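Each chain is listed here by its residues.
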Amino acid sequence: RPEMAGLAVPHGIYIHIAGIDIVRVDGDDFYVLEDNARTPSGVSYMLGGREISIRLMPELYGAHRVAPVENYPNELLATLQSAAPRNATKDVTAVLLTPGQFNSAYYEHSFLADKMGIELVEGSDLFVRDSVVFMRTTEGPKRVDIIYRRLDDAFIDPLVFDPHSMLGVPGLFAAYVAGNVTLANAVGTGAVDDKVVYSYVPDMVRFYLGEEPLLKNVPTWRCRDPEDLAYVLDHLSELVVKEVHGSGGYGMLVGPHATGADIALFREKLIADPKNYIAQPTLALSTCPAFVDMGIAPRHVDLRPFILTGADGVRIVPGGLTRVALRAGSLVVNSSQGGGTKDTWIVEGSGAVEE
């Protein structure tokens with residue numbers, strides 16, 4: 001976002017909440033499949049899954065030392081409060097900004113606001129005066145110091161971004177520039193979600209940190225590169241092709257499972273607009289037992305741990321969202337494509353090796 005050029009954000013933190021999609025292939029090799037830093041979602045499924053596990057399997061759960069995930073809302077609130085502007089009020093006020101009840105993730109918005117004990121607000125509940133954000137309350141205006149936004153950049157302030165947006169708060173970006181409010185995550189962090197940017201992350205680690213990445217990225221062909229495009233066009237039946245800005249499992253081709261017509265269609269798309277696509281090898285994702293109509297069967301999974309970064313350090317949730325491709329053989333785990341979820345246990349060892 002050009003509007004962010006030269007802007008110093010509170011405490012220098014841009015990504016307060018991140019969800020990193022990880023897959024296991026070839027036995028014990030782990031790869032980062034995607035980075036989610038715009039408005040990572042799914043944590044309510046992680047918390048809900050744990051609650052159901054405890055209710056359905058109390059004896060099994062009680063027999064193991066399972067690291068708790070129930071404290072996530074408190075950890076999230078602590079992270080947000082630590083990142084408040086330096087001129088924040090003594091009693092730091094955080095709110096969760098939602099697009100409203102028609103958003104597909106509204107349940108998660110209301111769930112997290114309730115668990116954190118903060119107000120769930122829409123754009124019309126806030127206003128800006130003298131570059132300070134206020135919330136309308138029955139007791140009069142109340143200053144807001146931190147906004148956990150579940151609203152994309154384009155809609156947060158009609159005076160700066162999309163002038164037709166009815167979801168945002170006029171003047172919000174001016175308050176942000178003045179340093180009077182923290183936005184979590186910062187404006188522009190969606191660049192990290194870009195699948196071309198993803199392909200450069202290992203090089204960024206080497207350049208800025210002078211070390212090798214601890215986790216590998218999936219090898220990626222950038223179709224904007226003529227040599228990469230030529231290779232992809234010759235191997236479409238073997239590769240997974242994704243839109244650069246795609247999400248939710250939409251707009252992708254899984255070559256080995258695609259029909260001839262699908263492959264021909266994607267060939268045309270790639271030739272017409274190569275910069276809009278990347279390609280990756282079809283990975284042999286690990287599987288977990290899943291309860292399906294036919295009984296217990298293996299299904300492909302990935303894992304999304306959640307990482308919180310505040311002025312007081314980094315917190316990693318001892319668990320995460322395990323997503324399951326419920327259709328036999330499918331590699332698409334997204335809930336929007338019929339995927340499910342599993343509770344994920346981090347079990348503390350007793351010091352003995354168990355088999």
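Scroll up to find the structure.
### Focus: the overall build of the chain
(1) Moving on: Scanning the chain from N- to C-terminus turns up eight helices and 20 strands.
(2) Moving on: Computed over the C-alpha atoms, the radius of gyration of the chain is 22 Å, within 12% of the 20 Å expected from 2.2 N^0.38 for a compact globule of 355 residues.
(3) Moving on: Referenced to the eigenvectors of the C-alpha coordinate spread, the extents of the chain come out at roughly 60 × 55 × 45 Å.
(4) Moving on: In the chain, which comprises 355 residues, the proportion classed as buried is 47%.
(5) Moving on: For the chain, restricting intrachain contacts to residue pairs at least 6 apart in sequence, the fraction spanning at least 24 positions comes to 62%.
(6) Moving on: Approximately 18200 Å² of the chain is accessible, and the part contributed by carbon and sulfur atoms is 55%.
(7) Moving on: Treating the 30 positive side-chain charges of the chain as one cloud and the 45 negative ones as another, the clouds have centres 2 Å apart.

### Some remarks on the pairing of strand E3 (residues 94-97)
A regular strand carries its side chains on alternate faces of the sheet.
(1) Moving on: Burial along E3 is two-sided: the residues Ala94 and Leu96 and Val95 and Leu97 are all buried.
(2) Moving on: Direction of pairing for E3 relative to strand E8 (residues 146-149): parallel, over a ladder of four bridges. From the neighbouring strand, Leu97 faces E8, where its bridge partner is Arg149.
(3) Moving on: Of the pairings in the sheet, the one linking E3 to strand E4 (residues 119-121) comprises three bridges and is parallel in character. Counterpart to Leu96 in the pairing with E4 is Leu120.
(4) Moving on: Crossover handedness for the path E3 to helix H4 (residues 106-116) to E4: right-handed.

### Considerations on the packing of helix H3 (residues 72-82) against H4
(1) Moving on: Direction vectors running N to C along H3 and H4 enclose 80°, while the axes themselves pass 9 Å from each other. Taken together, the axes of H3 and H4 are roughly perpendicular relative to one another. Contact with H3, carried on its side by Tyr72, Pro73, Leu76, Leu77 and Leu80, involves Leu112, Lys115 and Met116 of H4 and no other residues of that element.
(2) Moving on: Of the residues that constitute the contact of H3 with H4, the class distribution is seven nonpolar, no polar and one charged.

### Quick look at the sheet that holds E8
(1) Moving on: Read across the open sheet, the four strands follow the order E4-E3-E8-E9; overall the sheet is parallel. For this open sheet the edge positions go to E4 and strand E9 (182-184), each flanked by a neighbour on one side alone. Direction aside, the axes of adjacent strands within the sheet are offset by 30° on average.
(2) Moving on: H4 contacts E3, E4 and E8 of the sheet and is inclined by roughly 150° relative to E4.

### Re the pairing of strand E1 (residues 17-25)
(1) Moving on: Of all nine residues making up E1, eight are buried, and the element is well covered by its neighbours.
(2) Moving on: Across seven bridges, the pairing between E1 and strand E2 (residues 29-36) is antiparallel. Across the sheet, Ile22 pairs through a bridge with Val32, a residue of E2.

### Quick look at the packing of aromatic side chains
(1) Moving on: Counted under the stated rule, the structure contains nine aromatic pairs.
(2) Moving on: The lysine or arginine in question, Arg222, covers the ring of Tyr200, its NZ or CZ lying 3.8 Å from the ring centre.

### Side note on empty space enclosed by the protein
(1) Moving on: Following the criterion strictly, the structure yields one cavity of 30 Å³ or more and no others.
(2) Moving on: Within this model, the largest cavity holds a volume of roughly 30 Å³.
(3) Moving on: Secondary structure elements with two or more residues in the lining of the largest cavity: E2, helix H6 (195-209) and strand E14 (277-281).
(4) Moving on: When the residues that make up the lining of the largest cavity are grouped by side-chain class, the tally is three nonpolar, one polar and three charged.

### Here we look at the nonpolar core
(1) Moving on: Core analysis: the largest hydrophobic core is formed by 24 residues, its most contacted members being Tyr72 and Met116.
(2) Moving on: For this core, the secondary-structure elements that each account for two or more residues are helix H1 (43-56), H3, E3, H4, E8 and strand E17 (306-310).
(3) Moving on: Sequence-distant contacts of Tyr72, that is, excluding residues within four places in its chain, are made with Ile17, Val43, Met46, Leu47, Leu112, Phe306, Leu308 and Val317.
(4) Moving on: If you look at the next biggest cluster of nonpolar residues, it comprises 23 residues, including Ile147, Leu151, Phe161 and Val181.

### Looking at the packing of H1 against H4
A pair of packed helices can be characterised by two numbers: the angle between their axes and the separation between those axes.
(1) Moving on: Orientation of H1 relative to H4, taken along the N-to-C sense of each, is 70°, at an axis distance of 9 Å. Between H1 and H4, the crossing angle belongs to the class labelled roughly perpendicular. Here the hand of the crossing between H1 and H4 comes out left-handed. Residue-level contacts link Val43, Ser44 and Leu47 of H1 to Tyr107, Glu108, Phe111 and Leu112 of H4.

### Regarding a nonpolar patch on the surface
(1) Moving on: Residues Tyr200, Met204, Phe207, Tyr208 and Leu209 make up a contiguous nonpolar surface patch of about 610 Å² in total accessible area.
(2) Moving on: Topologically, Tyr200 is positioned in helix H6.
(3) Moving on: On the basis of relative accessible area, Tyr200 is assigned to the partly exposed category, the value being 35%.

Calculation rules
- Residues numbered from 1 in each chain as written.
- Predicted model: local features only at pLDDT ≥ 70, side-chain atom pairs only at ≥ 80, totals over all residues.
- Heavy atoms only, no water.
- Helix = DSSP H or I, 4+ residues; strand = E, 2+ residues; numbered from the N terminus.
- Rg over C-alpha atoms; globule rule 2.2 N^0.38 Å.
- Buried < 20%, exposed > 50% of the residue type's maximum accessible area, 1.4 Å probe, protein only.
- Contact = heavy atoms within 4.5 Å.
- Areas by Shrake-Rupley, 256 points an atom, 1.4 Å probe, with all protein chains shown as cover.
- Lys, Arg positive; Asp, Glu negative; His and termini not counted.
- Charge placed at Lys NZ, Arg CZ, Asp CG, Glu CD.
- Pairing = 2+ DSSP bridges.
- Right-handed = clockwise from strand over helix to strand, strands pointing away.
- Axes fitted to C-alpha atoms, helices over the stretch in contact; angles between N-to-C directions.
- Parallel < 35°, antiparallel > 145°, perpendicular 65-115°, else oblique.
- Nonpolar A, V, L, I, M, F, W, Y, C, P; charged D, E, K, R; others polar.
- Phe/Tyr/Trp six-rings, centres within 6.5 Å; stacked < 30°, edge-to-face > 60°.
- Lys NZ or Arg CZ within 6 Å of the ring centre and 35° of its normal.
- 1 Å grid on protein atoms, 1.4 Å probe; cavity = no way out; pocket = protein on both sides within 12 Å on 5 of 7 lines; lining within 4 Å.
- Points joined across faces, edges and corners; volume = space filled by probe spheres on them.
- Core = buried A, V, L, I, M, F, W, Y, C linked by side-chain atoms within 4.5 Å.
- Left-handed = near helix turned anticlockwise from the far one by under 90°.
- Patch = residues over 30% accessible without salt bridge, like charges linked within 9 Å, V, L, I, M, F, W, Y side chains within 5 Å.
- Salt bridge = Lys/Arg side-chain N within 4 Å of Asp/Glu carboxyl O.

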